[in-house]
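Topology and contacts: notes
Next come the chains, spelled out residue by residue.
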Amino acid sequence: MKFLRDQVDKLKPTFSEGGKLSFLHSTFDALETFLFVPNHTTHSGGHIRDGIDLKRTMFIVVIALLPALMFGMWNLGYQFHRATGMEVSLFENFWYGMLQTLPIIIVSYGVGLGIEMAFAQFKGHPVNEGFLVTGLLIPMVMPADVPLWMVGLATAFAVVIGKEVFGGTGMNLLNPALTARMFLYIGYTPEMSGDKCWVPIADGVATVDGYSGATTLGNVGVASSNGTPWSDSLLSWGTSISDSIMGTIPGSIAETSVIAILLGAVILIVTGVGSWKIMLSTVIGALFMGGILNLAGGNAWYDMPAWYHLVIGGFMFGTVFMTTDPVSAAQTERGKWIYGFFIGLLTVLIRVYNPGYPEGIMMAILLMNVFAPLIDYRVIQSNIKTRLNRVKA
Amino acid sequence: MGQNIKIKRGLDINLEGSPSNDIYSVNSPATFAIKPTDIKGLVPKMNVKQGDEVKAGDCLFTDKKNERICFTAPVSGEIAEVVRGDRRAILAVKILADSKVSFKSFDTSGYETKSADELKELLLTSGLWPFIVQRPFGVLADPSVTPKAIHVSGFDSAPLAADVSITLKGEEANIKAGFEVLKKLTSGKVHLNLHSAKDSSVYAAVEGVERNDFSGPHPSGLVGVQINKIDPINKGEVVWTLKPQHVAFIGKFFETGNLNLEQTIAVAGSEVSKPGYYTTIVGADVSGLLANNLLSDNVRVISGNVLTGTKILKNGYLGMHDTQISVIPEGDHYELLGWLFPSYPRPTISSTFPIFKFLKKTFKANTNPHGEHRAYVVTGQYEKVMPMDIMPQQLIKSIIAKDLEQMENLGIYEVIEEDMALCEFVCTSKIDVQRVLSEGLELMAEES
């Protein structure tokens with residue numbers, strides 16, 4: 001440790017003000033504080049502080065994302081080999097998926113951190129740890145077939161327009177990772193939806209008979225428009241609902257496995273890093289709306305059992321990792337219940353009533369991101385009102 | 001009848017070196033200092049100069065805004081130095097003490113029958129007045145107002161705090177007399193707030209006050225929390241608070257006619273070799289207390305507790321209102337990947353450190369903040385240690401935005417810095433909550 005510290009101390013003047021590489025000051029600082037917790041001491045107020053900091057908090061989220069990411073990599077290989085009729089080992093499936101996914105992750109981190117560090121240097125503040133999570137979330141919600149330049153473009157959009165224009169981490173209105181996905185969805189719809197994008201199969205590669213890369217959400221949407229009644233055969237090609245829970249279905253890279261995502265949820269909840277209130281209320285909201293539609297009945301969407309909404313599409317991923325972003329979510333404790341409930345409710349509503357766009361959770365979260373300050377405002381007003389009433393009494 | 005109140009949201013930070021029950025005696029310190037900086041917003045007007053001889057109870061300086069408020073010498077002796085800082089602001093008035101204290105005598109005979117104004121006059125001239133803290137804002141009490149209530153927190157729940165059943169043992173009669181005086185200063189009630197699990201026998205003789213029983217962790221002992229639960233402060237209302245030690249000072253003064261500020265304080269912390277109780281006097285040089293009593297050299301000496309106290313030097317002076325000295329190690333060292341793999345235990349409320357949170361009992365905490373300052377990201381954290389009906393993060397944000405109306409709406413009149421010290425402790429983004437709140441309070445005080 002002493003040796004490492006000495007090396008860092010030797011390099012430090014080069015990057016400090018007046019040094020040759022002072023334009024990389026923020027970057028150096030970020031790396032230094034990653035390696036060493038600084039030797040600062042408290043100087044005002046309390047003399048001792050809790051051991052927790054933002055680095056550790058963000059790192060916990062990254063760990064919570066890993067099961068879903070690992071599974072997603074494997075599933076990518078599995079889906080490819082299933083579609084092309086090849087029998088390969090678990091490792092080969094994983095290796096195939098990893099090779100598909102790593103470039104996307106590298107582009108996302110490279111572009112995002114580059115911009116973050118440039119902004120930090122320009123504005124003279126330290127690099128914030130938030131992008132460690134955002135930079136991983138972006139690849140995880142991409143279809144595997146997405147071109148890398150789109151990933152780069154979307155990441156740049158999310159960081160600059162989604163975050164920095166609002167003042168950087170902590171000030172943003174919208175969830176940056178979803179901002180990136182939304183940007184691509186609206187700008188490049190064909191590449192981001194339909195049957196082809198989830199499992200990358202090059203032209204000319206033969207697929208097995210009857211193969212379809214369509215997702216459950218897509219199938220149910222089509223069935224509803226055509227008046228086909230609900231049945232389990234509408235689940236994506238050759239799968240059952242337990243496959244949806246397991247995650248062996250096509251979809252965005254890491255969104256498919258309910259089990260892997262729930263593992264992440266357990267990590268977030270046990271460590272207190274993610275809000276269980278939001279997760280629970282989102283689930284309740286979806287079941288509530290799904291239940292009402294079940295009672296009404298009518299087409300395939302209406303008749304699909306309400307709990308299916310929880311395990312198909314990106315619902316679980318969004319609920320566990322996207323709704324719980326503390327910056328874009330409601331910030332008051334009571335507000336969190338309302339925020340989550342409406343995300344769940346809106347997700348189901350959008351899925352069922354929007355024929356053009358089958359996945360609702362992304363829109364629902366972004367919409368509620370916009371409404372979160374309003375929810376907080378109402379909650380704060382009720383606290384203020386109690387105080388004012390006290391004077392009157 | 002008083003109320004029974006259970007504090008649920010809070011945190012007891014258990015630090016190493018809590019005071020043993022022994023009372024140690026050390027030689028009486030050679031110098032004393034009264035520091036105007038101990039009182040928020042005080043601009044002193046000097047009454048003495050270097051070389052003057054004073055008796056215990058002689059006025060050293062007054063408050064420029066209200067010259068009736070005297071700050072008096074805690075001991076007799078010679079004015080050794082008037083320490084000045086930037087722009088000649090007075091930082092301390094040092095007294096070289098006589099070997100035997102001689103007291104200025106005040107006529108307090110028959111105080112039981114004196115009027116509130118006569119009592120106030122005696123408190124003002126004797127220098128006891130500054131021990132009364134006025135809310136909102138936590139400032140010097142204004143002698144021209146009559147507060148709606150006076151609150152005394154009968155216990156201290158802060159880390160390493162002194163136990164009143166030891167520090168106030170033998171002061172029972174003085175405490176009783178002190179409360180008799182306080183009762184005349186308010187039109188409302190005098191509240192004596194006690195902890196159901198702590199020994200309150202020193203208050204047994206006190207009569208005619210409202211006794212409220214609290215239970216639960218820190219900050220149950222903070223008078224601000226207690227006021228919020230019992231009878232919160234609304235806009236335009238004024239409440240006074242005192243520490244029990246200072247009630248005893250008042251009682252002793254009216255019983256004897258002399259200003260005797262001798263008190264027993266706790267000297268504690270992981271770096272103290274004999275943590276325990278020590279008898280000393282307000283404003284004393286602490287070097288006598290710490291001589292041969294420190295386990296290491298690189299330490300922070302705090303007058304007060306680790307959450308709200310003031311950093312002082314090893315030969316610094318005990319703060320005017322403080323009843324404990326805490327000594328903890330400095331944390332001025334780098335820690336390799338410390339955020340990921342902490343190399344030593346540290347107190348926390350975060351479940352991301354399950355071993356420290358759930359298994360470890362006491363901590364040797366140092367002054368490293370364990371991370372750097374960041375914008376607000378995490379939410380719902382302050383609420384876990386804030387038992388008052390106040391939205392802490394929103395209040396702090398309104399102060400950062402300098403939104404006066406919102407600060408008022410969110411209850412800034414009900415809090416002073418110490419009430420939000422735990423929020424600062426738990427903050428993931430390492431926001432200096434107390435400093436921000438202090439700025440907000442100052443802003444509000446200027447406006448009102």
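Of regular secondary structure, chain B possesses eleven helices and 21 strands. For 448 residues, the compact-globule formula gives about 22 Å, and the C-alpha radius of gyration of chain B, at 21 Å, lands near that figure. Principal-axis analysis of the C-alpha atoms places the extent of chain B at approximately 65 × 50 × 45 Å. Here chain B holds 448 residues, and 55% of them are scored as buried. Counting only contacts in chain B whose residues sit at least 6 apart along the sequence, the fraction spanning at least 24 positions is 70%.

Residue and element names in this part refer to chain A. For chain A, the assigned domains read domain 1 (19-34 + 56-200) and domain 2 (275-388). Its C-alpha centre places domain 1 at a distance of 24 Å from the equivalent point of domain 2. Each partner contributes residues to the interface: domain 1 has 13 residues there, and domain 2 has twelve residues. Of all the secondary-structure elements, those providing two or more residues to the side of domain 1 that touches domain 2 are helix 3 (54-84) and helix 7 (176-187). When residues in the side of domain 1 that touches domain 2 are grouped by element, the largest group, four residues, is from helix 7. Of the residues in the side of domain 1 that touches domain 2, the class split is nine nonpolar, three polar and one charged.

A few words now on the domain arrangement of chain B. All names here are of chain B. When cut into domains, chain B gives domain 1 (4-26 + 109-256) and domain 2 (382-447). Each of domain 1 and domain 2 was reduced to a C-alpha centroid, and the two centroids are 24 Å apart. In this assembly, 18 residues from domain 1 lie in contact with 18 residues from domain 2. The leading source of residues in the side of domain 1 that touches domain 2 is helix 4 (residues 223-230), at three residues. Counted by class, the side of domain 1 that touches domain 2 contains ten nonpolar, four polar and four charged residues.

Calculation rules
- Each chain carries its own residue numbering, running from 1 in the direction its sequence is written.
- Chain letters start at A and ligand numbers start at 1, both assigned in the order the entries are written.
- Per-residue local features are limited, in this predicted model, to residues with pLDDT of at least 70; the limit for side-chain atom pairs, both in listing and counting, is 80 or more; totals at the level of whole chains, interfaces and linings are taken over all residues.
- Runs of E in the DSSP output that reach at least two residues are strands. Runs of H or I that reach at least four are helices, and both are numbered from the N terminus.
- For the radius of gyration, the atoms used are the C-alpha atoms, and the globule rule reads 2.2 Å times the number of residues raised to 0.38.
- Exposure is read from a count of other C-beta atoms within 10 Å of each residue's own; the residue is exposed at 12 or fewer, buried at 20 or more and partly exposed in between. C-beta atoms are placed from the backbone.
- Contact criterion: two residues are in contact if their C-beta atoms, reconstructed from the backbone, are within 7 Å.
- A domain assignment, automatic or from a database, supplies the domain bounds used here.
- Ten residue types, Ala, Val, Leu, Ile, Met, Phe, Trp, Tyr, Cys and Pro, are classed as nonpolar, four, Asp, Glu, Lys and Arg, as charged, and the remainder, Gly among them, as polar.

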